Amino acid sequence: MNSHKLYSVLLELVEPVIPRGAGEVDPGVRGPHTHGAPLLMPNPTSITGILLTIYHSSVKGGLVSRARDVSEWYKDFEANLGLGDEGNSVRGPFIYIDLGDRKVLLTATLNGWSVVDELINKLYKLKNGGYLNKPEKFGEVMRYLNELIDVKYLDALEDRVTIALEENVKRIKPHYFTIFKFIDYAKVARSVVRGQYPTVFIGVELWDKNGKISEVVKIIKEPIPVRTFGRGRISVLRILNEAPLRSVLERVSKGKFSEVIGNAEIILYNISPILLDVETVSEDMYHEAIMVIPAFKQIHDYVRKELEDLCKCDKSSRDCVRELRIYGKVSIIGSGYSLRFRKRKPLYNGLLPGSLIYAKVRKCSATLEEVYSKGMGLLRHLGFGTIVPLIL
């Protein structure tokens, strides 16, 4: 796993931003007033998309276009960054706080953000409580996950109101009163490192196995001011020749990051949505996030298959993944808007960041690093389905 190059694409945030989430404003929204609500973290493709936009403006001939329609939007990412299940991959996103002499990383939880080191310590405590392998303790685990926060989501929100005026009279246009909820990530950082005013970034890691990402990175002359996350927000793009989240996971694994998992109890904590390839879902998912309960057999079957593939299980073995438990929430995940096709990209069913998968695995021939670098679910090579794997 050390034959490839590692990079990080970081966006230095200079003002509050709005990674678009549920209730986002578009021409189809109507009513006495509307609101734009942010996700806890932007989707990984929101960050790599900015990188490709800069690359497109810097090279002759522009980007390689492989998508034939908006349903194939991801093929342009694959073609230009060499992404694929056996190729390059994206991991993240994460908050990166630069304190000069040290760096602090945070990831999304169900209701906020948590420092990665502290998050992992708290996840280990779930094992000590004896809750994970007891179905009757489902409620206790969910309450624990909901409380895994160093900074609450609501504490970082900042409301801003916009209006539109009639052209010839000083009067507000009907239906153009909008409330936008921005996230102040600088406030998130100050809540973690009190008494300081650190530089704050949001970023993803790029794992380059075939040299394609290196070709793109060489073209980029950073730092570059860019517009990000709607409403004309400004950030500064920077590139690091390192993978900080991977470094943290390697450190806390205590020498086991590159060892084969074998027979073990494991937990997978996702920090970006795991996109689920399931045929039918409850209509409730279209209205709000709901808890993943054992009755959702299709979700459990899909996650089991994904975990068996990650562990490279023998297809003849029926007990490679046992006592599978999923604790978290599922909802509809938007993949953004295509400027090229001028249409919305598809919606996906997804397991939300901050959810947890527990299982006992047998003869798992993958390493923790392989599990982390590959991820889980649809479009995992684009950064979706980034998981923090731990051996209990």
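Residues numbered from 1 in each chain as written. Predicted model: local features only at pLDDT ≥ 70, side-chain atom pairs only at ≥ 80, totals over all residues. Heavy atoms only, no water.

## Digging into the overall build of the protein
Thinking step 1. A count of helices and strands for the protein gives nine helices and 21 strands.
Thinking step 2. Taking as baseline every contact in the protein between residues at least 6 positions apart, the subset at least 24 positions apart corresponds to 75%.
Thinking step 3. Accessible area of the protein: about 18,700 Å², with a carbon and sulfur share of 48%. (Helix = DSSP H or I, 4+ residues; strand = E, 2+ residues; numbered from the N terminus. Contact = heavy atoms within 4.5 Å. Areas by Shrake-Rupley, 256 points an atom, 1.4 Å probe, with all protein chains shown as cover.)

## Brief notes about helix α1 (residues 44–58)
Thinking step 1. Here α1 is 15 residues long and its end C-alpha atoms lie 22 Å apart, about the 21 Å a rise of 1.5 Å per residue gives.
Thinking step 2. Among the residues making up α1, those that are buried are Pro 44, Thr 45, Ile 47, Thr 48, Gly 49, Ile 50, Leu 51, Leu 52, Ile 54 and Tyr 55. (Expected span 1.5 Å × (residues − 1). Buried < 20%, exposed > 50% of the residue type's maximum accessible area, 1.4 Å probe, protein only.)

## Focus on the packing of α1 against helix α2 (residues 74–81)
Thinking step 1. It is at 11 Å that the axes of α1 and α2 come closest, and there the two elements cross at 55 degrees. By the criterion of interaxial angle, the relationship of α1 to α2 is oblique. Judged by the twist between their axes, the crossing of α1 over α2 is left-handed. Of the residues in α2, those in contact with Thr 45, Thr 48, Gly 49, Leu 51 and Leu 52 of α1 are Phe 77, Asn 80 and Leu 81.
Thinking step 2. Its residues assigned to classes, the contact of α1 with α2 shows four nonpolar, four polar and no charged. (Axes fitted to C-alpha atoms, helices over the stretch in contact; angles between N-to-C directions. Parallel < 35°, antiparallel > 145°, perpendicular 65-115°, else oblique. Left-handed = near helix turned anticlockwise from the far one by under 90°. Nonpolar A, V, L, I, M, F, W, Y, C, P; charged D, E, K, R; others polar.)

## What about the state of the cysteines?
Thinking step 1. In total, this model carries two disulfides according to the counting rule given.
Thinking step 2. Across the disulfide from Cys 311 sits Cys 364; the S-S distance is 2.3 Å. Looking down the S-S bond of the Cys 311 and Cys 364 bridge, the torsion is -85 degrees, so its handedness is left-handed. Placement of the pair is Cys 311 in the loop between α8 (297–310) and β15 (321–327) and Cys 364 in strand β20 (residues 356–367), with a sequence separation of 53 residues. (Disulfide = S-S within 2.5 Å.)

## Considerations on empty space enclosed by the protein
A probe as big as a water molecule, rolled over the atoms, marks out the empty space that is left.
Thinking step 1. Applying the stated rule across the entire model yields two cavities of 30 Å³ or more.
Thinking step 2. The calculated volume of the largest cavity comes to roughly 80 Å³.
Thinking step 3. Taken together, Gly 84, Asp 85, Gly 87, Asn 88, Ser 89, Lys 209, Ser 373, Lys 374, Arg 380 and His 381 make up the full set of residues lining the largest cavity.
Thinking step 4. Counted by class, the lining of the largest cavity contains no nonpolar, six polar and four charged residues.
Thinking step 5. As for the second largest cavity, its lining consists of Ile 261, Ile 266, Leu 268, Leu 307, Cys 311, Leu 368, Val 371, Pro 389 and Leu 390.
Thinking step 6. Every element with two or more residues in the lining of the second largest cavity is listed here: β12 (260–270), α9 (368–374) and β21 (387–391). (1 Å grid on protein atoms, 1.4 Å probe; cavity = no way out; pocket = protein on both sides within 12 Å on 5 of 7 lines; lining within 4 Å. Points joined across faces, edges and corners; volume = space filled by probe spheres on them.)

## Overview of the pairing of strand β1 (residues 5–13)
Thinking step 1. Within β1, seven of the nine residues are buried, leaving the element largely enclosed by the surrounding structure.
Thinking step 2. For β1 and strand β9 (residues 199–208), the ladder comprises eight bridges, and the chain directions are antiparallel. What sits directly across from Ser 8, in β9, is Glu 205. (Pairing = 2+ DSSP bridges.)

## Notes on the packing of aromatic side chains
Thinking step 1. The final tally for this structure, using the stated rule, is seven aromatic pairs.
Thinking step 2. Taken together, a centroid distance of 6.3 Å and an interplanar angle of 40 degrees make the contact between Trp 113 and Tyr 153 tilted. One end of the pair, Trp 113, is in strand β5 (residues 112–115); the other, Tyr 153, is in the loop between β6 (151–152) and β7 (157–162), with 40 residues separating them in the sequence.
Thinking step 3. Taken together, the aromatic side chains of Trp 73, Tyr 74 and Phe 77 make up a single cluster linked through ring pairs. (Phe/Tyr/Trp six-rings, centres within 6.5 Å; stacked < 30°, edge-to-face > 60°.)

## Observations concerning the pattern of salt bridges
Thinking step 1. Applying the stated criterion to the full structure yields 18 salt bridges.
Thinking step 2. When the shortest N-O distance is used, the salt bridge between Arg 68 and Glu 72 registers 2.6 Å.
Thinking step 3. Residue class for Arg 68 comes out exposed when judged on its relative accessible area of 65%.
Thinking step 4. The buried category is assigned to Glu 72, whose relative accessible area is 9%.
Thinking step 5. If you follow the salt bridges from partner to partner, you end up with Arg 68, Glu 72 and Lys 75 in one network. (Salt bridge = Lys/Arg side-chain N within 4 Å of Asp/Glu carboxyl O.)

## Points about the sheet that holds β1
Thinking step 1. Spatially, the eight strands line up as an open sheet ordered β6-β5-β4-β3-β9-β1-β11-β10, and their pairing is antiparallel. The sheet is open, and its two borders are formed by β6 and β10 (224–227), each paired with just one other strand.
Thinking step 2. As paired strands, strand β3 (residues 89–98) and strand β4 (residues 103–108) are joined by four bridges and run antiparallel to one another. Within the sheet, the bridge partner assigned to Tyr 96 lies in β4 and is Leu 105.
Thinking step 3. Helix-sheet contacts for helix α3 (residues 116–129) involve β4 and β5, and the interaxial angle to β5 is about 90 degrees.
Thinking step 4. The strands that helix α5 (residues 185–192) touches are β1, β3, β4, β5, β6 and β9; relative to β9, the one it contacts most, it runs at about 100 degrees.

Worth remembering: the numbers are spatial, not functional.
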